[in-house]
Every structure is written in C-alpha cells, then in structure tokens.
Amino acid sequence: MGRPSDDAVVIQKGKKPGDPFVITVNCPDKAGLGCDICWIILDFGLYIVKGDITTDGIWCYIVLWVFPTPTSPTVRWSNIKERLLAVCPAFSVSAYLNETPPKPEASQVYLLTFCSTDRKGLLNDVTRVLCELELMIQRVKVTTTPDGRVMDLFFITDNLELLHTKKRRDDSCDKLLAVLGESCTSVDIRSAGYKNDSVPRISSLSQTAAAEIFQSEITEKQELSLALSPDVKKLKHATVMIDNSLSPAHSLLQINCVDHKGFLYDIMCILKDFDIQISYGRFSPVNKGHRDLDLFIRQRDGLKIVNVEKQEEVISRLKLEMLHPLRVIITNRGPDTELVVANPVELSGRGRPMVFYDTTLALKVLGICVFSAEIGRHSTENGEWEVYRFLLEENCKYKLGSMAVKNQIVDKVRRTLMGW
C-alpha cells in the first residue's frame, strides 16, 4: 500500500511550559483507525486532554491534545510519529472504498532471559526499559530461588521489527544492564522460534475467582472487591445515550463518565468491535473528574443505529467498560496470595497496553515483591480476556492474609491502572 506522507502526522510542542502536545493526523480513513491511534497513544503512556475527530468515511482529520503521564516511561516523540504513520493508510483504491485492511502479519517472538539478585521493584524496572525500547511483553515467567536470585524469561515482540539485527539486540541488552547494574549476572535475547499468531491460555483459575472477575454485570458485592475506596462509588454515575432525533444521517452517542487513563481507547475499541464509524466527535477537558463526549456515529452501511436491540447492546457494553475497564482482585492460590488483573481483548485479538507495567509499578510503590508472574488469555461467553496473575511474596511490612492489606493492594493497583 506504500507509506503515507510525513505530513499525515504532525506533533507540536506546547507554546509554553505546561501546555499539552498537539497530535494531528490527516490521512485517508480506514476501519478502526481511531482505535489504532488511541492504542498507540496509550502504549506510550500519554494522557488525552481533549480532542476533535472528523471524517467523511474517505478522509479523516483527528486532533488530540496530550500530556505524558507522571508515571510513564520516557516518551520519544519521533518514535510516536513513526508508529502513528505506520497505521495511517496511504491513499489507494482500498482506502478510498474504506475496505477493511488486511490483518497484519504475526510478529516474530524473541526470548529475553536475565539473571539477577532479587530486589523490590526489579520487575517494574525491567518492564520500564522494555516499554522505552518499544518491546512488547507477550508472556513472562518469573522464578525466584531460595537464595534470593531471580531468573526471568520474557517472551517479547518488537514494535520496530528490528530484533533480528545484532545491533538492536546488543543495544537492548546494554540498556537493561545499565538499569540492573552489578546485581545482574547475565542478559540474553534470542529468537523463540515462533511467531505471535497464537496466545497461550491462562492456567486454570478457581471457579470463585473466575466468576468474580469475568462477570458481565457487576453486583453490589463485587463493587466492594473491585473498587474498594468510597470515592469510586461515583463510577456508577456513568451515563450512555443514543439519540436519533438530532441528525437525519447520524445517531448521536452521548457519554458522561468518570475520567480514567485510556478512556478514549476503551470507547474506540468497543465501537470498532461493533463496526460503528465516527463521523464527527468532540470531547472537552475534564470537568470535576468527569468526561463528556458527543459522537455522531453510523453503521458500516452508512445508516443510523435504529435497531433497539443493537442500541441496548452497544449502550450496555459501553456502560460496563466505562465502569470497569479493568478488573482487579486478590485471591488465594493454595497457601499463596495471588493478584489477578484482567481486561477485555479486542475482537482483532489485541490486548490493552501498559497493564503489566502499571501493575508492577503499583506493587513497587507498595514495596511488595513478585514471586512469579503469568500472562495469558481466558475465553468466556462474553468474549476473550487478557489475564495477568502475580503470586506475591510475604514480607514483614505487609501481612498478606489481612483483608485490610488485600484491600490496600487492590485499591493501589486499580488506581494506578486507571490513572487516579
């Protein structure tokens, strides 16, 4: 299809300190383009302040005002531009007809192995480096020995598609060694011998834990375990409406929800899964912790959404994702304490970025070490989920058997994931 013009993506720095960066995308439209753009912005740890979206189904114009989040890895703006250009279609017959682009080829998987002395925050420090290097974690196996050593295996893919070169592998190992310091005894990256075209299933969860975390509707009891602090009760105030009376050609989707990191990605992801196109949209800065969005939408066939059942399905899904885009619980795994984090997966099979990083960051801030970690997928009748499981180590500061401590861990992890 070729590469779009460099002018298709323009990133401008704020005129004065404290002003947001402005990202402008001006290119042919394609199905799911808004979702792809928001995924990349979230992957780089950026927070969207406000935005405008306009498209006629053939050409689109998107303007987003963004800030790096305080906890995000170092932002390389030139890399963001390259990643955004990669998802913008060059002008072609298929772009003009707004045909669904072919599914991208599966990426080669590489195995990163490192051995080091264990310490608090080690897993997050490594994850931070991988994020800055644009290396995506697909699976991880963390092993801690009785003598305080760790051997970690990360199965990764490269967003830059350069790990097949010796220079890219050496540069990545050097960056990891610089962060890990003298405590690290070895770092190695080599091909895992397969491509990322199949995602491993998560090992079995207990029926109780699975029922709690994958519920399609959150009960009052589950509100207490998924969102512990009193102030999160305002989550229930999210409203979603579809109005067909204001435009002859479009349905108006109105959303009012509590602000959270990745809120626009969550909305775009759902609309993409329902094959719904945005013709025009505008969302303003946060007002008293809430977001107001007005989106003029239509179906892929160009018609308004008049079917009542489909309206209810779209509204129900949006409400649930605005209330609980990420699920966090503490459960028991035999004699051990396990933290479980889950998020829905796009129909395309792509998971949410930065979840592993944010979770390990929260545990690092709390001073809790991870004995082992696992990433995988779990399928339910409501779709596929990406699941992160962390076995936590006991220490003198936290008695993990205490309900108050468990609540504190869930609350901290959830707040970090949501950007609160």
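This is a predicted model, so every value here is computed, not measured.

Calculation notes
- Residues numbered from 1 in each chain as written.
- Predicted model: local features only at pLDDT ≥ 70, side-chain atom pairs only at ≥ 80, totals over all residues.
- Heavy atoms only, no water.
- Pairing = 2+ DSSP bridges.
- Helix = DSSP H or I, 4+ residues; strand = E, 2+ residues; numbered from the N terminus.
- Axes fitted to C-alpha atoms, helices over the stretch in contact; angles between N-to-C directions.
- Contact = heavy atoms within 4.5 Å.
- Salt bridge = Lys/Arg side-chain N within 4 Å of Asp/Glu carboxyl O.
- Buried < 20%, exposed > 50% of the residue type's maximum accessible area, 1.4 Å probe, protein only.
- Disulfide = S-S within 2.5 Å.
- Left-handed = near helix turned anticlockwise from the far one by under 90°.
- Core = buried A, V, L, I, M, F, W, Y, C linked by side-chain atoms within 4.5 Å.
- Lys, Arg positive; Asp, Glu negative; His and termini not counted.
- Polar contact = N/O pair within 3.5 Å; in protein donor to acceptor, adjacent residues only side chain to side chain.
- Phe/Tyr/Trp six-rings, centres within 6.5 Å; stacked < 30°, edge-to-face > 60°.
- Lys NZ or Arg CZ within 6 Å of the ring centre and 35° of its normal.

Draft legend 1. Inspection of the sheet that holds strand 15 (residues 370–380) at higher detail. Across the sheet, which stays open at both edges, the four strands sit in the order 13-14-16-15 with antiparallel pairing between neighbours. Looking at the sheet topology across the chains shown, the edges are occupied by strand 13 (327–333) and strand 15. Taking each pair of neighbouring strands and ignoring which way they run, the sheet shows an average axis angle of 25°. Both strand 14 (residues 336–344) and strand 16 (residues 383–392) contribute to a ladder of eight bridges, which runs antiparallel. Counterpart to Asn 343 in the pairing with strand 16 is Glu 386. This element, helix 11 (residues 403–418), spans strand 13, strand 14 and strand 16 of the sheet and lies at about 145° to strand 13.

Draft legend 2. Representation of the pattern of salt bridges within the structure. With the rule as written, the count across this model stands at 28 salt bridges. One salt bridge in this structure joins Asp 36 and Lys 30, with 3.6 Å as the shortest N-O distance. In this pair, the class of Asp 36 matches that of Lys 30, namely buried. As a salt-bridge pair, Arg 83 and Asp 43 come within 3.0 Å of each other at their nearest N and O atoms. Of this pair, Arg 83 sits in helix 2 (residues 77–87) while Asp 43 sits in helix 1 (residues 33–43), and the two are 40 residues apart along the sequence. Just as Arg 83 is buried, Asp 43 falls in that class too. Three or more residues are tied together by salt bridges with common partners; here these are Lys 30, Asp 36, Lys 272, Glu 346 and Arg 350.

Draft legend 3. Inspection of the state of the cysteines at higher detail. What the rule picks out here adds up to zero disulfides. We note that Cys 27 lacks a disulfide partner, and the nearest cysteine sulfur, in Cys 88, lies 3.7 Å from it. Taking relative accessible area as the criterion, Cys 27 reaches 1% and is therefore assigned buried.

Draft legend 4. Up close: the environment of Thr 71. Turning to its location among the elements, Thr 71 is positioned in the loop between strand 4 (59–68) and helix 2. Setting aside chain neighbours within four positions, we find Thr 71 in contact with Arg 128, Tyr 357 and Leu 361.

Draft legend 5. Focus on the packing of helix 4 (residues 122–132) against helix 5 (residues 166–180). The interhelical angle for the contact between helix 4 and helix 5, taken along N-to-C directions, is 145°, at an axis separation of 10 Å. Along this stretch, helix 4 crosses helix 5, giving a crossing that reads as right-handed. Between helix 4 and helix 5, the contacting residues are Leu 122, Asp 125, Val 126, Val 129 and Glu 132 on the first element and Lys 175, Leu 176, Val 179 and Leu 180 on the second.

Draft legend 6. How the structure looks around helix 2. For helix 2, the complete set of buried residues consists of Asn 79, Ile 80, Arg 83, Leu 84, Leu 85 and Val 87. The elements touched by buried residues of helix 2 are strand 1 (9–12), strand 2 (21–28), helix 1 and strand 3 (46–55).

Draft legend 7. Spatial organisation of the nonpolar core. Core analysis: the largest hydrophobic core is formed by 56 residues, its most contacted members being Ile 37, Leu 64, Leu 253, Ile 255, Leu 264 and Ile 267. Ignoring anything within four residues of it in the chain, the contact list for Leu 253 reads Val 240, Met 241, Ile 242, Leu 271, Leu 293, Asp 294, Leu 295, Ile 297 and Leu 318.

Draft legend 8. Molecular detail of the side chain of Arg 327. Mapping Arg 327 onto the fold places it in strand 13. Although Arg 327 is buried, it forms no salt bridge, and the closest oppositely charged side chain is Glu 321 at an N-O distance of 5.2 Å. Here Ile 213 takes part through its backbone oxygen, which lies 2.8 Å from a polar atom of the side chain of Arg 327.

Draft legend 9. Local environment of the packing of aromatic side chains. Going through the model one piece at a time under the given rule, you end up with eight aromatic pairs. Residues Phe 114 and Phe 154 carry aromatic rings whose centres are separated by 6.0 Å and whose planes lie at 15° to one another, so their mutual orientation is stacked. Taken together, the positions of Phe 114 in strand 5 (residues 108–117) and Phe 154 in strand 7 (residues 149–158) put the pair 40 residues apart, joining distant regions of the chain. Like Phe 114, the residue Phe 154 is buried in the burial classification. In this structure, Lys 50 is placed above the aromatic ring of Trp 65, and the distance from its NZ or CZ to the ring centre is 4.6 Å. The aromatic ring of Phe 155 is capped on one face by Arg 139, whose charged end is 4.1 Å from the ring centroid.

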